[in-house]
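Residue-level listing of the chains:
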Amino acid sequence: MPDVTLKWRMSREVVQMVAKVDDGWVDAVDNALTTLLDRAKVDIAFGARAVPGGDRLVIHRLRGARTTALQDLVVRNGAGLGGKAMMLKRPVTVTDYVRAPEISHHYDQPVSREGLHSIMAVPVLTAGQVTGVLYAGLRQRLELGERMQRLAMGLAGEVGRRLAAPPRPPAALQTPSADARLRDACRELGSIIERVRDPAVRADLEALRRRLAAGAAPSGPRGAALSRTPLSPREQEALAHAAAGLPNVEIAARMGLSPGTVKAYLRSVMRKLGTRNRIEAVNAARALGYPL
């Protein structure tokens, strides 16, 4: 068995190299992991980012973990399941990790601590280079079928495309446009409307807000494009239920999800829209033309 203590010593210095990972990668991977849990019904989904130099991965985004065994785990190129996927630039799957003859067993200890058996690793490719790996796992010895592999590969491809998109300039270097100022005004007006108790006045203000929002960001693709990162259909659905005043438990029941997944969707929405709570998120989304 390889020296796990050495692995953890290496991880402390390597993790620092990805500690300042950009929000774009985190956002893209978190969305992919949430979708894997939601649609593939796996027990755990996690993502690893390639470090500069491309010879190692660091696992640091997890959904469904029961322990911290995999958090900040450093995976070398070619080692274990993720390292093999990284080296081959293609998905790799096993149904009994600790007994699989086709992979090395450098990471049996943390995998066993998490109680995992069937695991799939799918590389994220950006401009032909592996920039990360998405994992999906089960705590049973079951086949991870073709449908699940297609889903994971599609999500990895979407992450790669988002990473390949040109980065936005820092906010400090951007001059607010007329549309941006109008959207800010709509957001502020939405906050004011929340405090109005007179139904007639509230209705008039809401009609005005809709007219202003239509001028700032028409509904449809253009309106969505004005957001830093467009909301996914499931995020829009969760936010629409939140706009109706439903708690997470009821939203989860209507969407067929767990309350924790709903909470993750709404956190992602608030991060994308730059808001602090769901009321601000609803107002910001409406100002961008989302039909809530």
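Just so it is clear, the model here is predicted, and its values are computed rather than measured.

### Comments concerning the overall build of the chain
Phase 1: Within the chain, the secondary structure is distributed over twelve helices and six strands.
Phase 2: Within the chain, buried positions represent 47% of all 292 residues.
Phase 3: Across the chain, contacts joining residues at least 24 apart in sequence account for 59% of those joining residues at least 6 apart.
Phase 4: As displayed, the chain offers around 14600 Å² of accessible surface, 54% of which is attributable to carbon and sulfur atoms.

### Observations regarding the sheet that holds strand E5 (residues 118-126)
Phase 1: One open sheet accounts for six strands, arranged E3-E2-E1-E6-E5-E4; its pairing is antiparallel. Because the sheet does not close on itself, it has two edges, and the strands there are strand E3 (74-76) and strand E4 (92-94). Pairs of neighbouring strands in the sheet enclose a mean axial angle of 25°, with direction left out of account.
Phase 2: Bridging between strand E1 (residues 44-50) and strand E6 (residues 129-138) involves six bridges; their strand directions are antiparallel. Opposite Arg 49, over in E6, you have Gly 132 as the bridge partner.
Phase 3: Helix-sheet contacts for helix H5 (residues 146-164) involve E4, E5 and E6, and the interaxial angle to E5 is about 30°.

### Considering helix H9 (residues 233-243)
Phase 1: Looking at H9, one finds that the buried residues are Glu 235, Ala 238, Leu 239, His 241 and Ala 242. What you see down the axis of H9 is that its buried residues fit within an arc of 155°, all on one side.
Phase 2: Positioned one or two residues after H9, Gly 245 has a phi angle of 90°, which is positive.

### A short note on the pattern of salt bridges
Phase 1: Here the structure, examined in full by the defined rule, presents 15 salt bridges.
Phase 2: With a shortest N-O distance of 3.1 Å, Asp 27 and Arg 271 are connected by a salt bridge. Of the two residues, Asp 27 sits in helix H2 (residues 23-40) while Arg 271 sits in helix H11 (residues 259-273), which places them 244 residues apart along the sequence.
Phase 3: A relative accessible area of 5% means that Asp 27 is categorised as buried.
Phase 4: Judged by relative accessible area, which is 31%, Arg 271 ranks as partly exposed.
Phase 5: Between Asp 38 and Arg 234 there is a salt bridge whose closest N-O contact spans 3.4 Å. Of the two residues, Asp 38 sits in helix H2 while Arg 234 sits in helix H9, which places them 196 residues apart along the sequence.
Phase 6: Looking at Asp 38, the relative accessible area reads 9%, which means it is buried.

### Points about the packing of helix H10 (residues 248-255) against H11
Phase 1: The geometry of H10 relative to H11 is characterised by a closest axis approach of 8 Å and an angle of 100° between their N-to-C directions. Here H11 runs roughly perpendicular to H10, going by the angle between their axes. The residues of H11 that touch H10, namely those facing Asn 248, Val 249, Ile 251 and Ala 252, are Pro 259, Val 262, Lys 263 and Leu 266.
Phase 2: Grouping the constituent residues of the contact of H10 with H11 by class yields six nonpolar, one polar and one charged.

### Overview of the environment of Ala 238
Phase 1: Mapping Ala 238 onto the fold places it in helix H9.
Phase 2: As a C-alpha pair, Ala 238 and Thr 261 span 23 residues in sequence and 10.0 Å in three-dimensional space.
Phase 3: In this structure, Ala 238 is in contact with Ile 251, Met 255, Tyr 265 and Leu 266, ignoring residues within four places of it in sequence.

### Considering the confidence of the model for the chain
Phase 1: Mean pLDDT over the chain: 81, with 80% of residues reaching 70 or higher.
Phase 2: For the stretch residues 1-10, pLDDT sits under 50, and the model shows twelve contacts to residues farther than four places along the chain or on other chains.
Phase 3: Residue range residues 217-227 is modelled with pLDDT below 50. Its contacts to residues more than four positions away, or to other chains, number 23 contacts.

### Observations concerning the side chain of Thr 275
Phase 1: With respect to the helices and strands, Thr 275 occurs in the loop between H11 and helix H12 (278-287).
Phase 2: If we ignore the near neighbours within four places in the chain, the residues touching Thr 275 are Met 270, Glu 280, Ala 281 and Ala 284.

### Here we look at the packing of H9 against H12
Phase 1: Interaxial distance between H9 and H12 falls to 10 Å at its minimum, and their mutual angle equals 115°. Taken together, the axes of H9 and H12 lie roughly perpendicular to each other. Handedness of the H9/H12 crossing: left-handed. Across the interface between the two elements, Leu 239, Ala 242 and Ala 243 from H9 touch Arg 278, Ala 281, Val 282, Ala 285 and Arg 286 from H12.
Phase 2: Per-class residue counts for the contact of H9 with H12 are six nonpolar, no polar and two charged.

Cut-offs used in this document
Throughout, a residue's number is its position along its own chain's written sequence, starting from 1. Per-residue local features are limited, in this predicted model, to residues with pLDDT of at least 70; the limit for side-chain atom pairs, both in listing and counting, is 80 or more; totals at the level of whole chains, interfaces and linings are taken over all residues. Processing note: side-chain calculations cover all non-hydrogen atoms of the structure and skip hydrogens and water entirely. Runs of E in the DSSP output that reach at least two residues are strands. Runs of H or I that reach at least four are helices, and both are numbered from the N terminus. Relative accessible area decides the class of each residue, using a 1.4 Å probe on protein chains only: under 20% of the type maximum gives buried, over 50% gives exposed, and in between gives partly exposed. Throughout, a residue-residue contact means that at least one pair of heavy atoms, one from each residue, lies within 4.5 Å. In these tables, accessible area is a Shrake-Rupley quantity obtained with a 1.4 Å probe, and a residue counts as shielded only by the protein chains included in the view. Pairs of strands are assigned from DSSP output, requiring at least two bridges between the strands. Helix axes are fitted only over the stretch in contact, all axes being lines through C-alpha atoms; the angle between N-to-C directions runs from 0 to 180 degrees. Working note: the arc is built from the helix axis to C-beta atom directions. The rule for a salt bridge is simple: a side-chain nitrogen of Lys or Arg has to be within 4 Å of a carboxyl oxygen of Asp or Glu. Reported orientations rely on four angle classes, namely roughly parallel under 35 degrees, roughly antiparallel over 145, roughly perpendicular from 65 to 115, and oblique for the rest. Under the convention adopted here, Pro, Cys and the residues Ala, Val, Leu, Ile, Met, Phe, Trp and Tyr are nonpolar, Asp, Glu, Lys and Arg are charged, and Gly plus all remaining residues are polar. Every residue is assigned a pLDDT by the predictor, reflecting its confidence on a scale from 0 to 100. Helix crossings fall into two classes, left-handed where the near helix is turned counterclockwise from the far one by less than a right angle and right-handed where it is turned clockwise.

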